[in-house]
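Chains, contacts and geometry: an overview
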Amino acid sequence: MTNSNTIIDLQNISFHYGDDYVLDDITFSIPEGAFVGLVGPNGSGKSTLIKIIFGLLKPQKGYVNIFGQRINKFHDWSKIGYVSQKANSFNSGFPASVFEVVSMGLTSKLGLFKFMKSSHRDAVHDALQLVGMNEYSSSNIGDLSGGQQQRVFIARALVSNPDILILDEPTVGVDANSTSDFYQLLGKLNRDNGITLLLVTHDIGTITDKVTHVACLNRSLHFHGETEEFEQFSDRDLSGFYGHHVHVLSHDHGHGGV
Amino acid sequence: MIQALWQFEFLQNAFLAGVLIGIIAPLLGVFIVVRRQALIADALSHITLAGIAASLLIGKYSSFWQGINPVYMGMAFSAAGSLFIEQLRKVYKHFEELAIPITLSGGIGLGVVFLSLADGFNSDLFNYLFGSVIAISRSDLVAVAVITVVVLVVVTLLYKELFFLSFDEEHAVVSGIRGKSIQFIFILLVAFVIAVSMQIVGVLLVSALMTLPVAASIRIAKGFKQTIGLSILFGELAVLGGLVLAYYLDIAPGGTIVLLSALILVAVLLFKRLKQRKS
């Protein structure tokens, strides 16, 4: 991990409310080009960790570096795309077209008092093309299915040309078929477009064959490394970690395909 | 009527103010409705009444103050009320909607007491509650025009931020948008627009101008910009149609405008249903 550029670097992060530790001494980093799965049961501190990465919460101990810069010095948030779990529970009656939703992703890149030019419009269509949703650009977002909406939110995160995409439980509320298409899309973005991905999920079973790195979080970090090593991480350890038996699917890696 | 419009200044004032309010009230209304804060307009209009009453009361004791348009005091109260609502929302995190009735009843209570002290209970109160087109002066019109320019400029400049914040506030803040400052500017604009609009439709009806046209357009529009466009179109239809009808039928303009907005809403809902049946 030391031989490539590190995009996000967390060092000894601890976060607690009173004596109640939510995160305990978390150290891990995301190298450029990786597809990291951050897994952990509900209440394991995943969302808190994401908030710390975005600077919305300050850890009591430790620090975050983004692109080698301390988080309080970092301002170029358009380099980081974000797809939230909330995207599924937005007000579906909101009268916005798919095009308008994706152009929201340019807001901070454009900056205050700036307007969209035709090159920005092209960027919106390119992002929609990438997720296969361009033909819906003038539909209202509320008229689409959950899986389609989530693709649109990926396009919104991609439109500012970020180096890394952070996805927080993106498949909650999306049906199984769309979920598998969705993971295929993520794999494609990672392989073909070189976008670094951090996928946060409680669903450990379905992601081990898609990601290149795994980080298991339950207050502290129980495992962090490449997926191959993770598969040797015994079932017993994992059951202790989740509190019940979990079966990790074994898959053939190393052929570059999913 | 056209002839009368040339002849009487008060009719010109009413129509010009109506045209401007027909633009800005639905424009801000779109953002309010999609954020599910439709009732905020009601609370602020009642606080505005308290401001106007306070101005009348001061005017009773100070002859200097009488030259100042009460609408400015109304704006100040409305702006203060908007900050008060934001504060109350933080205090009652789990009962955010409480901020509205607290502000609304507090405002009307204060307004009624001020008005009774200023001896304006009979004629003035009626005008403020239901609007009084005839009473719109040149200086009122100037206030409406200034507010219109401010609203149009600010909304144009902050459009993409306001849109993003309305759609998904948490995400917008994560993307580096300064949500708090922009929300503050927006709520001030709402307070100003309510203060100037209530002269036409009155305290009790002003929120209708911000919500009914939006309620209609949201059913048929494709996209956010079209929602804004249609809301303004419906708002103008209601204001101008209402003023004309009120003139010919000799009925209260404020009520006529609101009823016309409601009719437009019903027509749109019927249209939508027919369209759905066909397809």
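Residues numbered from 1 in each chain as written. Chains lettered and ligands numbered in written order. Predicted model: local features only at pLDDT ≥ 70, side-chain atom pairs only at ≥ 80, totals over all residues. Heavy atoms only, no water.

Per an unreviewed UniProt entry, chain B is named Metal ABC transporter permease, and its organism is Guptibacillus hwajinpoensis. According to the UniProt record, the Sequence similarities (unreviewed entry) comment for chain B is "Belongs to the ABC-3 integral membrane protein family." (UniProt positions renumbered as here; feature names shortened; annotations may be inferred.)

Per an unreviewed UniProt entry, chain A goes by the name Zinc ABC transporter ATP-binding protein and belongs to Guptibacillus hwajinpoensis.

1. Quick look at helix α5 (residues 99–117) of chain B
A rise of 1.5 Å per residue sets the reference length of α5 of chain B, with its 19 residues, at 27 Å; its end C-alpha atoms lie 27 Å apart and thus fit the reference within 8%. Positive backbone phi, at 60 degrees, marks D119 of chain B, one or two positions downstream of α5 of chain B. (Helix = DSSP H or I, 4+ residues; strand = E, 2+ residues; numbered from the N terminus. Expected span 1.5 Å × (residues − 1).)

2. A look at the interface of chain A and chain B
How big an interface is tends to be expressed through the accessible area that disappears when the partners come together. Taken together, the contact between chain A and chain B spans 29 residues of the former and 27 residues of the latter. Summed over both partners, the interface of chain A with chain B comes to about 2,500 Å²; 66% of that surface belongs to carbon and sulfur atoms. In this structure, the connection of chain A to chain B is made through 1 salt bridge. At the junction of chain A with chain B, the criterion picks out 10 residue pairs in polar contact (both at pLDDT 80 or more). For the side of chain A that touches chain B, the element with the most residues is helix α3 (residues 107–110) of chain A, which contributes 3 residues. Tallied by class, the residues present in the side of chain A that touches chain B amount to 16 nonpolar, 8 polar and 5 charged. (Contact = heavy atoms within 4.5 Å. Buried area = accessible area lost by both parts, 1.4 Å probe. Salt bridge = Lys/Arg side-chain N within 4 Å of Asp/Glu carboxyl O. Polar contact = N/O pair within 3.5 Å; in protein donor to acceptor, adjacent residues only side chain to side chain. Nonpolar A, V, L, I, M, F, W, Y, C, P; charged D, E, K, R; others polar.)

3. A look at the sheet that holds strand β8 (residues 196–201) of chain A
Residue and element names in this part refer to chain A. The 6 strands are arranged β6-β7-β8-β3-β9-β10 in an open sheet whose pairing can be described as mixed. Each edge of the open sheet is held by one strand with a lone partner, namely β6 (80–83) and β10 (220–226). Within the sheet, the average angular offset between the axes of one strand and its neighbour, ignoring direction, is 15 degrees. Two strands pair when backbone bridges link them, and strand β7 (residues 164–168) and β8 are joined in this way by 5 bridges, in the parallel orientation. Across the sheet, D168 pairs through a bridge with V200, a residue of β8. Sheet contacts for helix α1 (residues 46–53): β3 (35–39), β6, β7, β8 and β9 (213–218); angle to β8, the most-contacted strand, approximately 145 degrees. (Pairing = 2+ DSSP bridges. Axes fitted to C-alpha atoms, helices over the stretch in contact; angles between N-to-C directions.)

4. Some points on the pairing of strand β2 (residues 20–31) of chain A
Residue and element names in this part refer to chain A. Examined bridge by bridge, strand β1 (residues 6–17) and β2 share 8 bridges and lie antiparallel to one another. Bridge assignment links I13 to a residue of β2, and that residue is I26. In this antiparallel pair of consecutive strands, β1 and β2, the connection spans 2 residues, and G18 shows a positive phi of 60 degrees.

5. Points about unusual backbone geometry
Residues and elements named next belong to chain A. The backbone of F67 sits at a positive phi, close to 50 degrees, despite the residue not being glycine. Here F67 shows up in the loop between β4 (61–66) and β5 (69–70). Phi is positive for R219, which is not a glycine, with a value near 70 degrees.

6. Here's the deal with the packing of aromatic side chains
Aromatic ring pairs are defined here through the distance separating the ring centres and the angle between the ring planes. For the coordinates displayed, the defined rule picks out 17 aromatic pairs over all chains. Judged by centre distance (5.0 Å) and plane angle (80 degrees), the ring pair of F94 of chain A and F167 of chain B falls under edge-to-face. Taken together, the positions of F94 of chain A in the loop between β6 and α2 (98–103) and F167 of chain B in helix α8 (residues 159–167) put the pair across two chains. Like F167 of chain B, F94 of chain A is buried. A network of ring pairs unites the aromatic residues F94 and F153 of chain A together with F31, Y159, F163, F167, F186 and F224 of chain B as a single cluster. (Phe/Tyr/Trp six-rings, centres within 6.5 Å; stacked < 30°, edge-to-face > 60°. Buried < 20%, exposed > 50% of the residue type's maximum accessible area, 1.4 Å probe, protein only.)

7. Observations regarding the sheet that holds β5 of chain A
Residue and element names in this part refer to chain A. Strand order in the open sheet formed by 4 strands is β2-β1-β4-β5, and the pairing between neighbours is antiparallel. In the strand order of this sheet, the two ends are held by β2 and β5, each with one partner. Bridge count between β1 and β4: 5 bridges; the pairing is antiparallel. Bridge pairing in β4 places Q11 opposite Y63.

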